Amino acid sequence: MMGEDPETFTQKDVDRAIEYLFPSGIYDPAARPLMKPPEEVFPNRKAAEFDEAGRPHHFLFYTGKPNFFKLLHDAAETIQTLYKFEDKVIRKKEIPDPNAELELLASVWITREELEQSLVEKITDLEYDNFKLVMERIVSLPYSYRCKEFIEKYRKPLASQRFALEIPKPSYDQDGRAFITTYECLRKKARGDVTIRSPGTGKITINGKDLTYFQDVQSREQVLFPLIFSEMLGKVDVECNIEGGGPSGQSGAIRWGIAWGLRSFVDKNMLEAMQVAGLLTRDHRRRERKKPGQPGARKKPTWKKR
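As the structure is a computational prediction, the values presented were derived from the model and not from experiment.

1. A look at the overall build of the protein
The helix and strand inventory of the protein stands at nine helices and seven strands. Within the protein, buried positions represent 32% of all 306 residues. In the protein, of all internal contacts separated by at least 6 residues, the share reaching a separation of at least 24 is 62%. Carbon together with sulfur atoms contributes 53% to the accessible area of the protein, which is approximately 21200 Å² in total.

Below is the structure:
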């Protein structure tokens, strides 16, 4: 390289040569090519993945994430297998068995952290979205029940999930009624607290007013939905103090606070049904910020040919 003697060419000379060959085209040193011994490029935990000749055992080793891309490879093969089976059934003029459909309503895909733990590899949010996308495609096929074991390997039942907090025991007021107060009810910029009293007559108080505090019907439905779903409408009284945000954020915060407080007044079966329906999951979505150089968060400038 560069007319130097290869016998006396050290690693320092290699790095200097690469810096000379890429003086200004690549500014980030991390983007420059590496010419180092394999022991420095690959960590020690990868040593067991090479054979005696120095070749990696895994055929996807050089992707950097062999286990993740092997999972996508297996998913693609599963899709092709289901397509072939479907073609055979169509040629026989048969239809899928309706009793053999997969029941996935009571389960969800494992989280990115759990997938990383099973793969022993770090993956990005985009790669995790691609994983869910290809798995959803498998589930959407009419004969997906034939690969039930492969699908359930990456799903977990909702009923077996533990709640973030233990279900609190209600306190009792001077009238002997049980009550529970949920603080930090958040949604967008809205923040408040919700108190549920049992037994009650179905009275709902929001900042000292009744349900007409919300002028639109959709916000009122959001507040009533957990009570209707849990069949507690007319059996408890609800007192809410809310501030900040708009009607959508405030109604969403109250909805979560009511559902979170009803845990102390419903049985286990209803608790699992509420969890499956998503009533006990906090909505962390926020307004996406405006991006510089464009009118909004996603909107781009209007393209004009002339």
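2. Quick look at helix H8 (residues 247-261)
Because each turn of an α-helix spans 3.6 residues, side chains separated by three or four positions end up pointing in the same direction. Look at H8: 21 Å from first C-alpha to last across 15 residues, which is about the 21 Å you get at 1.5 Å a residue. Burial analysis of H8 places 13 of its 15 residues in the buried class, which makes it a mostly covered element.

3. Thoughts on the confidence of the model for the protein
Should the pLDDT be low somewhere, the predicted coordinates at that spot are not to be read in detail. With 87% of its residues at a pLDDT of at least 70, the protein reaches an overall mean of 84. Within the protein, the lowest mean pLDDT, 62, falls on helix H2 (residues 38-41), and the highest, 94, falls on strand S7 (residues 237-243).

4. Digging into the sheet that holds strand S3 (residues 171-172)
Whenever strands of a sheet pair, they do so through backbone hydrogen bonds, lying parallel or antiparallel. What the five strands build is an open sheet, ordered S3-S4-S5-S7-S6; its pairing is mixed. Of all strands in the sheet, those bounded by a partner on one side alone are S3 and strand S6 (204-206). Alignment of strand S5 (residues 190-198) against S7, held across seven bridges, turns out to be antiparallel. For Val194, the partnering residue across the bridge sits in S7 and is Cys240. Helix-sheet contacts for H8 involve strand S4 (178-187), S5, S6 and S7, and the interaxial angle to S4 is about 145°.

5. Digging into the packing of aromatic side chains
Taken as a whole and judged by the stated rule, the model has eleven aromatic pairs. An angle of 75° between the planes, with centres 5.3 Å apart, marks the rings of Phe68 and Phe69 as edge-to-face. Phe68 gets classed as buried once you look at its relative accessible area, which sits at 1%. With relative accessibility at 31%, the residue Phe69 sits in the partly exposed group. Ring centres 6.3 Å apart and planes at 75° place the aromatic pair Trp109 and Phe131 in the edge-to-face group. With Trp109 in strand S1 (residues 107-109) and Phe131 in helix H5 (residues 125-140), this pair connects stretches of sequence that are 22 residues apart. When its relative accessible area of 10% is taken as the criterion, Trp109 is described as buried. Arg282 extends its terminal NZ or CZ atom over the ring of Trp256, reaching a point 3.9 Å from the ring centre.

What counts and how
- Residues numbered from 1 in each chain as written.
- Predicted model: local features only at pLDDT ≥ 70, side-chain atom pairs only at ≥ 80, totals over all residues.
- Heavy atoms only, no water.
- Helix = DSSP H or I, 4+ residues; strand = E, 2+ residues; numbered from the N terminus.
- Buried < 20%, exposed > 50% of the residue type's maximum accessible area, 1.4 Å probe, protein only.
- Contact = heavy atoms within 4.5 Å.
- Areas by Shrake-Rupley, 256 points an atom, 1.4 Å probe, with all protein chains shown as cover.
- Expected span 1.5 Å × (residues − 1).
- pLDDT = per-residue confidence, 0-100.
- Pairing = 2+ DSSP bridges.
- Axes fitted to C-alpha atoms, helices over the stretch in contact; angles between N-to-C directions.
- Phe/Tyr/Trp six-rings, centres within 6.5 Å; stacked < 30°, edge-to-face > 60°.
- Lys NZ or Arg CZ within 6 Å of the ring centre and 35° of its normal.

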